[in-house]
Amino acid sequence: MKFVFKAKDAEGEIREGMVEAITPRAAAEILGRNNLVPISVHEEKQTLAIVKEIQRIWEGISQKELVVFFQQLATLVEARVPVVSALRTIEDQTANRYFRIILKEISDDIEDGAPFSTAMEKHSGTFSPLIINMLKSGEASGELQKSIEVVAESIQKNYQLAAKIKGALYYPAFVLGVAFIIGFLVVTFILPKITIMIKDLKVPIPWYTSALIWLGDFMNAYWWAVLMVIAALVASLVYYMKTEAGKREWEVVLLKIPIVGTLARSIYITRFAENLSALLAGGIPVVRALIIVSEVIGNHFFTSIILKAADEVRSGGTMSTVFLRSREMPPMVSQMIRIGEETGSLSTVLGSTAKFYNQEVETMTKSLTTLIEPILIVVLGIGVGILVVGVLLPIYNIAGQL
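How each quantity is defined
Residues numbered from 1 in each chain as written. Predicted model: local features only at pLDDT ≥ 70, side-chain atom pairs only at ≥ 80, totals over all residues. Heavy atoms only, no water. Helix = DSSP H or I, 4+ residues; strand = E, 2+ residues; numbered from the N terminus. Rg over C-alpha atoms; globule rule 2.2 N^0.38 Å. Buried < 20%, exposed > 50% of the residue type's maximum accessible area, 1.4 Å probe, protein only. Contact = heavy atoms within 4.5 Å. Areas by Shrake-Rupley, 256 points an atom, 1.4 Å probe, with all protein chains shown as cover. Lys, Arg positive; Asp, Glu negative; His and termini not counted. Charge placed at Lys NZ, Arg CZ, Asp CG, Glu CD. Pairing = 2+ DSSP bridges. Expected span 1.5 Å × (residues − 1). Phe/Tyr/Trp six-rings, centres within 6.5 Å; stacked < 30°, edge-to-face > 60°. Salt bridge = Lys/Arg side-chain N within 4 Å of Asp/Glu carboxyl O.

> So, the overall build of the protein chain: which residues are in play, and what are the values?
Counting its secondary structure elements, the protein chain contains 16 helices and 3 strands. Its C-alpha atoms give the protein chain a radius of gyration of 29 Å, more than 25% over the compact-globule value 21 Å for 402 residues. By its C-alpha atoms, the protein chain is 105 × 55 × 35 Å across when sized along the principal axes. When each of the 402 residues of the protein chain is scored for burial, the buried share is 37%. Of the contacts formed within the protein chain by residues at least 6 apart in sequence, a portion of 60% connects residues at least 24 apart. With an accessible surface of roughly 22600 Å², the protein chain has 64% of that area assigned to carbon and sulfur atoms. Averaging the positions of the 38 positive and the 39 negative side-chain charges in the protein chain gives two centres separated by 5 Å.

Take a look at the structure:
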């Protein structure tokens, strides 16, 4: 459990913070080992924990905020500012209240004698295993500044990669959303008013016009029930997608979709190559680096392949042997990794591979946006055509016979 303390340091200054221990006595002993004289030690109030959890749910910490945080931290550390002072400075200018709490707890733990990586590891929901292990490697090698810079660069690349994909999907998602809303309103409220003339004339009409009339009447009478069913289906789909089975099934479907599957595969390879290159450059052993990357890759197919490669390396083999046998890993990537293993320049080769696939992702993203536009126009045109052929054309023919 966590205890809030107030204590005096060797210079007689009052220090406040938080320490984890089993009992208050154990907490006081921990403070004593860190040359602090306890003044008061009491258990963290549950209300504070509840407030913190509410702020986490309400605000959270976005990837962009992490990118800015590590860029600022790298700049301050490069300027020879101590880590604690740098964290305090960033904390003061951070708008996110939940993030401020996290930074305060980290800086307090460091002041109490905890390593930077250990203080961050307590907040594993915010900082990924890749970040924590990179910082551990920097602390062990005495190059913490370099590790922070590598982490900042790695997070920025991952953020830019995700931003490219989101940017490509915003436009079609907006158009489809607006088209759905307009279509729903037209079918529910406008279509029944248009077709009332056809029903009043009681003349023979095509089957597709009858189907549209029935659809308009049904939607006009039960639109609220249709909205409830749609909302329930969307909520069920979102819930299922958050389960482990749903995530795995979506990952299978995603890789099989034409064009989109190729783009997704390129994204996973870019993420794999960039993160593994950063970890190896930071001095992390190959097996440990592969295990860390498998946790952040975001696809269970690639996770399985990477873990098999880690087992192969652990038993004295090479990771390229596993990748060459995998259908998901392109032959070019496997051959590049083999060259890197043979020449002892694996980190450099992975960096070049990541750069190539990053350019591929950018090209494919632009192509996908270009391809989606005519598809959306065709879909919207089909919708308008159905309305014209099914309703307006019969009205025109009936009017011509009168």
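> Give a detailed account of the pairing of strand β1 (residues 2-8), specifying residues and quantitative values.
Side chains of β1 alternate between two faces, with Phe-3, Phe-5 and Ala-7 buried and Lys-2, Val-4, Lys-6 and Lys-8 left unburied. Alignment of β1 against strand β2 (residues 14-20), held across 7 bridges, turns out to be antiparallel. If you follow Lys-8 over to β2, its bridge partner there is Ile-14.

> Outline helix α7 (residues 129-141), listing residues and values.
For α7, spanning 13 residues, the distance from its first C-alpha to its last is 18 Å, which sits close to the expected 18 Å at 1.5 Å a residue. Those residues of α7 that sit buried are Leu-130, Ile-131, Ile-132, Asn-133, Met-134, Leu-135, Ser-137 and Gly-138. Backbone geometry just downstream of α7 places Gly-142 in the positive-phi region, at approximately 75 degrees.

> Let's hear about the packing of aromatic side chains: which residues, and what values?
Within this structure, the stated rule accounts for 11 aromatic pairs. Taking 5.4 Å as the distance between ring centres and 15 degrees as the angle between the ring planes, the aromatic pair formed by Trp-214 and Phe-218 counts as stacked. Here Trp-214 pairs with Phe-218, and both are found in helix α9 (residues 207-242), just 4 residues apart, close to one helical turn. Among the residues examined, Trp-214 registers a relative accessible area of 56% and is labelled exposed. Owing to a relative accessible area of 32%, Phe-218 belongs among the partly exposed residues under this scheme. Each ring, one from Phe-218 and one from Tyr-222, has its centre 5.3 Å from the other, and the planes form 45 degrees; the classification is tilted. A residue pair is termed a helical-turn pair when its members lie 3 or 4 positions apart in one helix, as Phe-218 and Tyr-222 do in helix α9 at 4 residues. Overall, the relative accessible area of 43% leaves Tyr-222 in the partly exposed class.

> Describe the pattern of salt bridges, naming the residues involved and giving the relevant values.
Between side chains of opposite charge, pairing is possible as soon as their charged atoms come close. One pass over the full model with this rule turns up 9 salt bridges. Asp-108 serves as the salt-bridge partner of Lys-104, at 3.0 Å between the closest nitrogen and oxygen. Of this pair, Lys-104 and Asp-108 are both found in helix α5 (residues 97-111), 4 residues apart, which corresponds to roughly one turn of the helix. Judged by its relative accessible area of 5%, Asp-108 is buried. Measuring nitrogen to oxygen at the nearest pair gives 3.1 Å for the salt bridge that ties Glu-328 to Arg-265. Here the residue Glu-328 occupies a position in the loop between α14 (319-325) and α15 (331-343), and Arg-265 occupies one in helix α11 (residues 260-281), the gap between them amounting to 63 residues.

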